[in-house]
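Descriptive analysis of the structure
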Amino acid sequence: MGIFSRTRDIIAANVTDLLDKAEDPAKMIRMIILEMEETLVEVRASAARTIADQKEMRRHIAKLEKLQESWTEKAELALSKDREDLAKAALVERQKATDMCDQLGAEISVLDDALRHAEEDITKLQNKLREARTRQNSIMTRLETAHNRVRMREMYAGPKVEEAFSRFELMERRADAVEGHADALSLGSSKKSLEEEIAELKSSDKVEADLAALKARVNREN
């Protein structure tokens, strides 16, 4: 069963109220848009049939007007030949054609009113449809944003992230263990480091300087 029953219901509908009351706004707006589109197609199809009927009536009126002219000519001819009876019969036929023209003209006027109302309804339906599609875009954007926020929260606080960080910590502990083992192997090693060798050179230079100073003092005393 549709949300709306007739075109008037769609035009008078408050889309916001319908969505506020809906348990699933995304599903509701899709249903609203679908029914609006179907109704718009039906109204346009009805207007197209009305226009086609009017064109057919106008063609019929044109034929009847020519028929009236023809009966007028025949009535005139009959009178010119002193056949008043035939002239009267021709005028009767002309009147029938005239009455039918008037009837078709009245029907065309009724259809004109129907077309004006249809055009107004189409304009209002299009406005309602634009409103509904705008609301749909808004709803879909909000839903997408909400889903993205949920995914981000799951990414930062979910079990997969915790598992990944646990693996990082395990790898760091393994790296610490390997580095510690390497440092332990260097303990007690006889090989001197570069800093140690340079320190020994500085110490040796100092000793040589002290020895030279001592020799000079001894020589002065002797």
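For the structure given in this document, a descriptive report is provided here. None of the values given here were measured: they were computed from a predicted structure. (Residues numbered from 1 in each chain as written. Predicted model: local features only at pLDDT ≥ 70, side-chain atom pairs only at ≥ 80, totals over all residues. Heavy atoms only, no water.)

So, on to the overall build of the chain. When helices and strands are tallied, the chain shows 6 helices and 0 strands. Taken from the N to the C terminus, the helices and strands of the chain come in the order α-α-α-α-α-α. Classification of the 222 residues of the chain by burial places 20% in the buried group. In the chain, of all internal contacts separated by at least 6 residues, the share reaching a separation of at least 24 is 76%. When the accessible surface of the chain is totalled, it reaches about 17,500 Å², and 55% of it is carbon and sulfur. (Helix = DSSP H or I, 4+ residues; strand = E, 2+ residues; numbered from the N terminus. Buried < 20%, exposed > 50% of the residue type's maximum accessible area, 1.4 Å probe, protein only. Contact = heavy atoms within 4.5 Å. Areas by Shrake-Rupley, 256 points an atom, 1.4 Å probe, with all protein chains shown as cover.)

A few words now on the nonpolar core. Within the largest apolar cluster, 18 residues are counted, with the highest numbers of intra-cluster contacts made by Leu19, Ile29, Ile32, Met36, Leu125 and Ala132. At 7 residues, the largest contribution of residues to this core is made by helix H3 (residues 25–80). Among all residues touching Leu125, those that are not within four sequence positions of it are Thr7, Ile10, Ile11, Thr39, Leu40 and Val43. If you look at the next biggest cluster of nonpolar residues, it comprises 8 residues, including Met57, Leu64, Ala97 and Ile108. (Core = buried A, V, L, I, M, F, W, Y, C linked by side-chain atoms within 4.5 Å.)

Let us now look at the layout of surface pockets. If you add up the space inside the largest pocket, you get close to 310 Å³. Lining the largest pocket are 17 residues; nearest its centre among them are Arg6, Thr7, Thr39, Glu42 and Val43. Those elements that provide at least two residues to the lining of the largest pocket are helix H1 (7–12), H3 and helix H4 (84–157). Element by element, the count of residues in the lining of the largest pocket is highest for H3, at 7 residues. Of the residues in the lining of the largest pocket, the class split is 7 nonpolar, 5 polar and 5 charged. (1 Å grid on protein atoms, 1.4 Å probe; cavity = no way out; pocket = protein on both sides within 12 Å on 5 of 7 lines; lining within 4 Å. Points joined across faces, edges and corners; volume = space filled by probe spheres on them. Nonpolar A, V, L, I, M, F, W, Y, C, P; charged D, E, K, R; others polar.)

A separate point is the environment of Leu104. Residue position: Leu104 is located in helix H4. A relative accessible area of 11% places Leu104 in the buried class. In this structure, the C-alpha to C-alpha distance between Leu104 and Arg58, residues 46 residues apart in sequence, is 7.9 Å. With near-sequence residues (within four places) excluded, Leu104 lies in contact with Met57, His60, Ile61 and Leu64.

Moving on, we get to H3. Its 56 residues give H3 an end-to-end C-alpha distance of 82 Å, which sits within 8% of 82 Å, the value for a rise of 1.5 Å per residue. One or two steps after H3, the chain reaches Asp82, where phi turns positive at roughly 60°. (Expected span 1.5 Å × (residues − 1).)

The next subject is a negative patch on the surface. The grouping of Glu65, Glu69, Glu73 and Glu76 at the surface amounts to a negative patch. Along the chain, the position of Glu69 falls in helix H3. (Patch = residues over 30% accessible without salt bridge, like charges linked within 9 Å, V, L, I, M, F, W, Y side chains within 5 Å. Salt bridge = Lys/Arg side-chain N within 4 Å of Asp/Glu carboxyl O. Lys, Arg positive; Asp, Glu negative; His and termini not counted. Charge placed at Lys NZ, Arg CZ, Asp CG, Glu CD.)

Time to look at the pattern of salt bridges. Applying the stated criterion across every chain yields a total of 6 salt bridges. In this structure, Arg8 engages Asp121 in a salt bridge whose closest nitrogen and oxygen atoms are separated by 1.9 Å. In this pair, Arg8 sits in helix H1 while Asp121 sits in helix H4, placing the two residues 113 residues apart along the sequence. Here Asp85 makes a salt bridge to Arg83, at a shortest N to O gap of 3.1 Å. Under the relative-accessibility criterion, Asp85 is labelled partly exposed at 45%. Residue Arg83 is classed as partly exposed on the basis of its relative accessible area of 38%.

By themselves, these are just geometric observations and shouldn't be taken as functional.
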